[in-house]
Amino acid sequence: MLRVFIVEDNRIFRESFKTILQERLPSIVIEEAGNGEEALQRIEGGPPDLMFVDMRLGGMTGLELAQKIKRDFPRTRIAMLTGYDFPEYRRTASQYGVDRYFLKDSLDWMEIEEFIQSIPKDNH
């Protein structure tokens, strides 16, 4: 079973995103955290297959979290969620190990589903 982790400090967005993911892909297991520190604590027992990470988190940024995750769990896929569509942000995210970049205000759910379905189960 595919494990997905959502790291987003906006509770309303996080809960909405989780609800839609569960409706569209009921076979995945979804966990969540409101910040990077909480996410790191919660994945100590084993990394998820995929993490959706907000770029601008309070405390540790989404990019810093992505860098730590990729260092410690290189097989975990990371999708950055952001409201900022600047080429330099995409480049920086890629340099930090981010696999995909999704804009919050124009989410393409078919694209998200295809991305999730492309990840091998039991990736770790």
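Keep in mind that what you see is a predicted model, and the values were worked out from it rather than measured. (Residues numbered from 1 in each chain as written. Predicted model: local features only at pLDDT ≥ 70, side-chain atom pairs only at ≥ 80, totals over all residues. Heavy atoms only, no water.)

1. Re the pattern of salt bridges
- Under the defined criterion, the tally for this structure stands at 11 salt bridges.
- Here Arg100 ties to Glu111 by a salt bridge, and the two come within 2.5 Å at their closest N and O atoms. Placement of Arg100 in strand E5 (residues 100–103) and of Glu111 in helix H5 (residues 109–117) is noted, with a sequence separation of 11 residues between them.
- Judged by its relative accessible area of 30%, Glu111 is partly exposed.
- Among the charged side chains, a network of salt bridges with common partners joins Glu8, Asp54 and Lys104. (Salt bridge = Lys/Arg side-chain N within 4 Å of Asp/Glu carboxyl O. Helix = DSSP H or I, 4+ residues; strand = E, 2+ residues; numbered from the N terminus. Buried < 20%, exposed > 50% of the residue type's maximum accessible area, 1.4 Å probe, protein only.)

2. Focus: the pairing of strand E3 (residues 50–54)
- A large share of E3 lies buried, amounting to five of its five residues.
- The alternating pattern of E3 places Leu50, Phe52 and Asp54 on one face and Met51 and Val53 on the opposite face, and all of these are buried.
- Where E3 lies against strand E4 (residues 77–82), five bridges are found, and the strand directions are parallel. Looking at the pairing, Val53 lines up with Met80 of E4.
- Remark: the E3/helix H3 (residues 62–72)/E4 crossover connection has right-handed handedness. (Pairing = 2+ DSSP bridges. Right-handed = clockwise from strand over helix to strand, strands pointing away.)

3. Re the nonpolar core
- Ranked by size, the top nonpolar core spans 20 residues in total, and within it Phe5, Val7, Ala39, Met51, Val53, Leu65 and Met80 carry the most contacts.
- Of all elements in the fold, only strand E1 (3–7), E3, H3, E4 and E5 reach the threshold of two or more residues within this core.
- With four residues, the single largest contributor to this core is H3.
- For Phe5, the residues in contact, after removing those within four places along its chain, are Glu31, Glu32, Ala33, Ala39, Arg42, Ile43, Pro48, Leu50, Met51 and Phe52.
- If you look at the next biggest cluster of nonpolar residues, it comprises 19 residues, including Leu21, Ile28, Phe52 and Phe102. (Core = buried A, V, L, I, M, F, W, Y, C linked by side-chain atoms within 4.5 Å. Contact = heavy atoms within 4.5 Å.)

4. Quick look at the packing of aromatic side chains
- Using the criterion set out here, one finds eight aromatic pairs in the structure.
- With a centroid separation of 5.1 Å and an interplanar angle of 40°, the aromatic rings of Phe17 and Trp109 are classed as tilted. Placement of Phe17 in helix H1 (residues 11–24) and of Trp109 in helix H5 is noted, with a sequence separation of 92 residues between them. There is no split in this pair, since Phe17 and Trp109 are both buried.
- Plain terms: the ring middles of Tyr84 and Tyr89 are 6.0 Å apart, the flat faces sit at 65° to each other, and that makes the pair edge-to-face.
- By relative accessible area, Tyr89 is classed as partly exposed at 28%.
- Feature note: the residues Phe13, Phe17, Phe52, Phe102, Trp109 and Phe115 constitute an aromatic cluster, connected by ring pairs.
- Residue placement shows Lys104 over the ring face of Phe13; its charged tip is 4.9 Å from the ring centre. (Phe/Tyr/Trp six-rings, centres within 6.5 Å; stacked < 30°, edge-to-face > 60°. Lys NZ or Arg CZ within 6 Å of the ring centre and 35° of its normal.)

Honestly, it's all geometry; don't read function into it.
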